[in-house]
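What follows is each chain in one-letter form.
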Amino acid sequence: MIDTAPTIPASSEVLIVGAGIAGITAAWFLNKAGIEVTICEKGTVAGEQSGRNWGWIRQQGRDQAELPIVMESMRLWQEIADELDEDIGYRREGSLYLCENEADMANHDRFMSFAPDYGLTTERLNRKQLEALVTDCPARWQTALHTPDDGRAEPSLAVQAIARKLTQRGVRIIENCAVEQILTQNERVTGVLSEYGEIRTNSVLCAGGAWSTFLLKSCGIRLPQLTVKASVARTASAPMIFNGNASGSKVSFRRRLDGGYSVASSDYLEIFPSRAHLDFLPDFLPLMKTSWRKFRFRIPELTVGEDFTRHRALDPIPSRKTVARIKSRLIDRVPAFAGIEFAEAWSGMIDALPDVVPVLDKAEPVDGLWISTGFSGHGFGIGPGAGKIMARLIQGQSVDYDLDRFRLARFSDGSKLTLGPAI
């Protein structure tokens, strides 16, 4: 069982802050290498966005720097799934970006300009090919971008299942234990101060999602991050429409292990900036200018800040209006869903960075501090690849990828940020 008691070790070879997909998968590969790992989680394993996302494990539509990492993640997801004692719903049933016309398809030209160079089997489908994949395909969809070996899994099952396997293998996971400060001496990590006391360590991985900004602030590190609310629903059991992931104008849907679909609006996100976030708004202006139709500013309903125990888990409630919007758009775009009831709806808070790609880096100038955060809604699928990268970096090993795109210093060295795919 995962340790939920307020007992902490005196020391650990590596200390990971956050038990979401980023932290858990980093622990997976560190444990494989024989490294002692402790994970401190202020709430519960995958209690926030890692357990609330769409469940897409996609290569399609990725930033060019992310693509080779997520391609390896597809293999790593399978390896991990094969070692677990339970079905996490990992299936490679493909992804579709549904297009109403050639102008919609042109939005994917940037991705298609480099995807073939990586050996990705993404193709453009015509109407006839689309009809062969989607049952009762609505007439509005004329073309699609299709990656047949993309995957899906169940967020509500996957990370917790991996965590259970890790505890069997000796990884200590302490829930309800917030890390309040990273302790340093002479710009070198010496430990962390948790709400239950100090844990000595020389290596800390900050994988705290939406909370990372505030933990890193105690080390003098500026990470411009906002929290973005996205809402999702799941249907009751439904006829087979498409067995993978599909997204078009206004709506997205993904086949579930339980026979229903996870569904969401693909063009509606809510931003809840707390007072602490206001300094970061100028960093986000380029993204907001390109995606302003998608974002809505709201009065904060949950405060994300330096009080890590005020909210053990960010659990925003989707409004009735939001759920109604998802349902009406789903039926309008895919009439086969008419008459299928929603069984549940929920929301999550996405950790978003100004260029919509994560930080995977050493936290200069603090020796022994590492960062894996800011996945901007794309973290579930790429999680194992990112986890393996961080495990290797922590061990002082090389990686096979160019990580320049993911460096922390891009927010402070005067570089012009290049926007990745939208949240």
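The structure under discussion appears in the preceding block.
First, a word on scope: everything that follows refers to the structure included in this document. (Residues numbered from 1 in each chain as written. Predicted model: local features only at pLDDT ≥ 70, side-chain atom pairs only at ≥ 80, totals over all residues. Heavy atoms only, no water.)

### Focus on the nonpolar core
- Ranked by size, the top nonpolar core spans 65 residues in total, and within it Ile16, Ile24 and Ile39 carry the most contacts.
- Sequence-distant contacts of Ile39, defined by excluding residues within four places in its chain, comprise Ile16, Gly18, Ala19, Gly23, Ile24, Ala27, Val171, Arg172, Ile173 and Ile174.
- Listed in part, the 33 residues of the second largest apolar core include Val192, Trp211, Phe308 and Val366. (Core = buried A, V, L, I, M, F, W, Y, C linked by side-chain atoms within 4.5 Å. Buried < 20%, exposed > 50% of the residue type's maximum accessible area, 1.4 Å probe, protein only. Contact = heavy atoms within 4.5 Å.)

### Looking at the pattern of salt bridges
- On inspection of all chains with the given rule, the structure shows 35 salt bridges.
- Close ionic contact of Arg312 with Glu195 constitutes a salt bridge, the shortest N to O distance being 2.7 Å. On the criterion of sequence distance, the pair formed by Arg312 in the loop between β18 (295-297) and α9 (320-333) and Glu195 in the loop between β10 (189-194) and β11 (197-200) is long-range, its members being 117 residues apart.
- Across the pair Arg329 and Asp267 runs a salt bridge whose closest N-O atoms are separated by 2.4 Å. In this pair, Arg329 sits in helix α9 while Asp267 sits in the loop between β16 (261-265) and β17 (269-271), placing the two residues 62 residues apart along the sequence.
- Here the salt bridges share partners, and the residues they tie into one network are Asp63, Asp355, Arg405 and Arg410. (Salt bridge = Lys/Arg side-chain N within 4 Å of Asp/Glu carboxyl O. Helix = DSSP H or I, 4+ residues; strand = E, 2+ residues; numbered from the N terminus.)

### Quick notes on the layout of surface pockets
- The computed volume of the second largest pocket comes to approximately 250 Å³.
- At the level of secondary structure, the elements contributing two or more residues to the lining of the second largest pocket comprise α6 (155-168) and β19 (342-352).
- For the lining of the second largest pocket, the element with the highest residue contribution is α6, accounting for 3 residues.
- A breakdown of the residues in the lining of the second largest pocket according to their chemical character gives 3 nonpolar, 6 polar and 7 charged. (1 Å grid on protein atoms, 1.4 Å probe; cavity = no way out; pocket = protein on both sides within 12 Å on 5 of 7 lines; lining within 4 Å. Points joined across faces, edges and corners; volume = space filled by probe spheres on them. Nonpolar A, V, L, I, M, F, W, Y, C, P; charged D, E, K, R; others polar.)

### Thoughts on the packing of aromatic side chains
- All told, the structure shown has 9 aromatic pairs when counted by the stated rule.
- On the basis of an interplanar angle of 15° and a centroid distance of 6.1 Å, the ring pair of Trp77 and Tyr90 is categorised as stacked. Remark: Tyr90 occurs in the loop between α2 (67-83) and β4 (95-99) and Trp77 occurs in helix α2; sequence separation between them is 13 residues.
- Taking the relative accessible area as the measure of exposure, Trp77 reaches 0% and is therefore buried.
- Using a relative accessible area of 7% as the deciding quantity, one classes Tyr90 as buried.
- The rings of Trp77, Tyr90 and Phe380 are connected pair by pair, giving a single aromatic cluster.
- The residue whose ring lies beneath Lys327 is Phe342, and the NZ or CZ to ring-centre distance is 5.5 Å. (Phe/Tyr/Trp six-rings, centres within 6.5 Å; stacked < 30°, edge-to-face > 60°. Lys NZ or Arg CZ within 6 Å of the ring centre and 35° of its normal.)

### Regarding the packing of helix α1 (residues 21-32) against α6
- Two elements in contact, α1 and α6, have axes whose closest approach is 10 Å; the angle formed by their N-to-C orientations is 30°. Our pair here, α1 against α6, has a crossing hand that is left-handed. Across the interface between the two elements, Ile21, Ile24, Ala27, Trp28 and Asn31 from α1 touch Val159, Ile162, Ala163, Lys165 and Leu166 from α6.
- Split by residue class, the contact of α1 with α6 holds 8 nonpolar, 1 polar and 1 charged. (Axes fitted to C-alpha atoms, helices over the stretch in contact; angles between N-to-C directions. Left-handed = near helix turned anticlockwise from the far one by under 90°.)

It is worth stressing that arrangement in space is one thing and function is another; only the former is reported here.
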